[in-house]
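The lines below spell out each chain.
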Amino acid sequence: MNVKSAVIALGLTGAVAGAAFAQLDKAGMEVAQGGAPTFAEIDRNRDGNITTTEAAGTWLASSFAAVDTNENGLVDEQEYNEALS
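Counting restarts for each chain, with residues numbered from 1 along the sequence as it is written. At least 70 in pLDDT is required for a residue's local features to be given in this predicted model, at least 80 for side-chain atom pairs to be given and counted, and no such filter applies to totals for whole chains, interfaces and linings, which use all residues. Only hydrogens and water are set aside; all other atoms, that is, all heavy atoms of the structure, feed into the side-chain values.

(A) Region of interest: the packing of helix H4 (residues 59-67) against helix H5 (residues 77-84). Axis geometry follows a simple rule: fit a line to the C-alpha atoms, using only the stretch in contact for helices, then measure angles between N-to-C directions, giving values from 0 to 180 degrees. Each helix is a run of DSSP H or I of at least 4 residues and each strand a run of E of at least 2, with the numbering of both proceeding from the N terminus. At a minimum axis distance of 11 Å, the contact between H4 and H5 shows a crossing angle of 105°. As judged from the angle between their axes, H4 and H5 are roughly perpendicular. Of the residues in H5, those touching H4 at Trp 59, Leu 60 and Val 67 are Glu 79, Tyr 80, Ala 83 and Leu 84. Residue classes in the contact of H4 with H5 are distributed as six nonpolar, no polar and one charged. What sets the label is the angle itself: under 35 degrees gives roughly parallel, over 145 gives roughly antiparallel, 65 to 115 gives roughly perpendicular, and the rest give oblique. Note on contacts: a residue pair qualifies if any of its non-hydrogen atoms lie within 4.5 Å across the two residues. Three categories are distinguished: nonpolar for Ala, Val, Leu, Ile, Met, Phe, Trp, Tyr, Cys and Pro, charged for Asp, Glu, Lys and Arg, and polar for the others, with Gly belonging to the last.

(B) Focus on the side chain of Asp 43. When you line up the elements, Asp 43 lands in the loop between helix H2 (39-42) and strand E1 (49-50). Remark: exposure states derive from per-residue accessible area (1.4 Å probe, protein chains only) relative to the maximum for the residue type, with buried under 20%, exposed over 50%, and partly exposed in between. All tallies of charge rest on Lys and Arg as positive and Asp and Glu as negative; His and the ends of each chain are not included. Any carboxyl oxygen of Asp or Glu within 4 Å of a side-chain nitrogen of Lys or Arg constitutes a salt bridge here. Although Asp 43 is buried, it forms no salt bridge, and the closest oppositely charged side chain is Arg 46 at an N-O distance of 5.6 Å. Setting aside its immediate chain neighbours within four residues, Asp 43 contacts Gly 48, Asn 49, Ile 50 and Glu 54.

What follows is the structure in structure tokens.
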């Protein structure tokens, strides 16, 4: 194997390994450490709250009511982080 082939092979190996560690949730968002997308990734309109529409396709969709501890129909960043801790 020549040097050029070795460099290409090494680069492809690194790309494949990186892809194996970058996990996506059902909505196609990269997940944070621990498997959950970050609050900012789910809060697509950046208003500081997550709606049920924004949560669709993520782990939060099936747990929305439990995470929404103040029962206002929205999940704020504090509620989100408490659910992950």
